[in-house]
2 protein chains.
Amino acid sequence: MLAHRLKQARLRAGLSQEKLGKLAGIDPMSASARMNQYERGKHSPDYQLMCRVAEILNMPVSWFYTADDEQARLQEIFYHLDANTRRPLLTQAESLIAANPPSNSSASNGNTAQPTTAN
Amino acid sequence: MLAHRLKQARLRAGLSQEKLGKLAGIDPMSASARMNQYERGKHSPDYQLMCRVAEILNMPVSWFYTADDEQARLQEIFYHLDANTRRPLLTQAESLIAANPPSNSSASNGNTAQPTTAN
DNA sequence: TCACTAAGAGGTTCTTAGCTT
DNA sequence: AAGCTAAGAACCTCTTAGTGA
């Protein structure tokens, strides 16, 4: 996932792998190799570096960790809106979830606070 | 960030560190130590493991990589909405961003596709 | 039972030094 | 110029074994 989003955002910004790496503060000697390794999914960058990359590419960090395209798109939009414009979006989101039953918030495991028989 | 969100979501689900680790497929012998190291920010888990943890805690993975609380909240809500209910939210988002000028999408670096003088 | 930790074993990334397109 | 890679050095995580709340 991260690899794909990285390439997507870098190309949109019109930067080379090496240039992006340098801007993100990577040692210029290894910027090219490292960014290539990340973008091809050979190695994975730590979160701190991704925060700097995200800033440079003007995207929310979490976007790089998002698989679903619709979720990614919403994050991107929200990130680029100013505080006042964000408000109505959040408000609508809150009312939609209130009107729709998420059935149970901590689902998928049969945890109902039983005293844990054995484990 | 990840450390904090992990604790937040785990406590909400009413699971112990060890139990969550086991459910996520970690070797039962080291589940406790590892989850504790992640939650205290001592070490950081790889993305693949976080995907499994996210599923168990019924949250979108990207949520764990989100610093901003409003962004996190929006992601959480969107994730719990069904496809049909997501639609109007995305539509409003798209129209808000269309009405508001993000000034320039790939900002913050002076890149305007010049032939790159030197580097 | 749950949270937490030190420290060595084990596994990953980073750097270097290239080659290819 | 840009993309890409092997392989060892350097670094980080995982496991074990155990303490404290």
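Each value, and the rule that gives it
- Residues numbered from 1 in each chain as written.
- Chains lettered and ligands numbered in written order.
- Predicted model: local features only at pLDDT ≥ 70, side-chain atom pairs only at ≥ 80, totals over all residues.
- Heavy atoms only, no water.
- Near = heavy atom within 4 Å.
- Polar contact = N/O pair within 3.5 Å; in protein donor to acceptor, adjacent residues only side chain to side chain.
- Helix = DSSP H or I, 4+ residues; strand = E, 2+ residues; numbered from the N terminus.
- Buried < 20%, exposed > 50% of the residue type's maximum accessible area, 1.4 Å probe, protein only.
- Contact = heavy atoms within 4.5 Å.
- Least-squares fit on C-alpha atoms with pLDDT ≥ 70 in both.
- UniProt positions renumbered as here; feature names shortened; annotations may be inferred.
- Buried area = accessible area lost by both parts, 1.4 Å probe.
- Salt bridge = Lys/Arg side-chain N within 4 Å of Asp/Glu carboxyl O.
- Nonpolar A, V, L, I, M, F, W, Y, C, P; charged D, E, K, R; others polar.

A. Region of the structure containing the protein's contact with DNA strand C. Among the 17 residues in the neighbourhood of DNA strand C, the closest are listed as A:Ser30, A:Gln37, A:Tyr38, B:Gln17 and B:Arg40. Taking all atoms of DNA strand C within 4 Å of the protein, the share assigned to sugar and phosphate is 63%. Here a phosphate oxygen of DNA strand C and a side-chain polar atom of A:Arg34 are 3.1 Å apart. In the model, a phosphate oxygen of DNA strand C is placed 2.5 Å from a nitrogen or oxygen of the B:Arg40 side chain.

B. Geometry of the side chain of B:Thr85. Within the secondary structure layout, B:Thr85 lies in helix α6 (residues 83–99). By relative accessible area, which is 9% here, B:Thr85 ends up buried. Beyond its immediate stretch of four places on either side in the chain, B:Thr85 contacts A:Leu96 and A:Asn100.

C. View of the relation of the copies chain B and chain A. Aligned on chain A, chain B shows an RMSD of 0.0 Å; the corresponding rotation is 180° and the shift along the axis is 0.0 Å. On the angle and the small slide along the axis, the relation comes out as a two-fold axis. Closest to the rotation axis within chain B is the C-alpha of B:Ser62, separated from it by 2.6 Å. Mapped onto chain A, 100% of the interface residues of chain B are again interface residues, and the two copies thus contact each other with one and the same surface.

D. View of the UniProt feature "domain: HTH cro/C1-type" (unreviewed entry) in chain A. Taking the numbering used here, the UniProt-annotated feature "domain: HTH cro/C1-type" (unreviewed entry) corresponds to residues 6–64 of chain A. A distance of 7 Å separates the end C-alpha atoms of residues 6–64 of chain A, which is 58% helix and 0% strand.

E. Here's a closer look at the environment of B:Ala54. Residues and elements named next belong to chain B. Considering the arrangement of structural elements, one finds Ala54 in helix α4 (residues 47–57). Ala54 sits 44 residues away from Arg10 along the chain, and the two C-alpha atoms are 9.9 Å apart. In this view, Ala54 contacts Met59, Pro60, Val61 and Phe64; residues no more than four positions away in its chain are not counted.

F. View of the interface of chain B and chain A. Chain B puts 50 residues into the contact, and the matching count from chain A is 50 residues. For the pair chain B and chain A, the summed buried area comes to about 4300 Å², and 56% of that belongs to carbon and sulfur atoms. The interface formed by chain B and chain A holds 2 salt bridges in total. Here B:Arg73 makes a salt bridge to A:Glu94, at a shortest N to O gap of 2.7 Å. Among the secondary structure elements, those contributing two or more residues to the side of chain B that touches chain A are α1 (2–13), α2 (17–23), α4, α5 (69–80) and α6 of chain B. At 10 residues, α6(B) tops the list of elements feeding residues into the side of chain B that touches chain A. Looking at the side of chain B that touches chain A residue by residue, the class counts come to 22 nonpolar, 18 polar and 10 charged.

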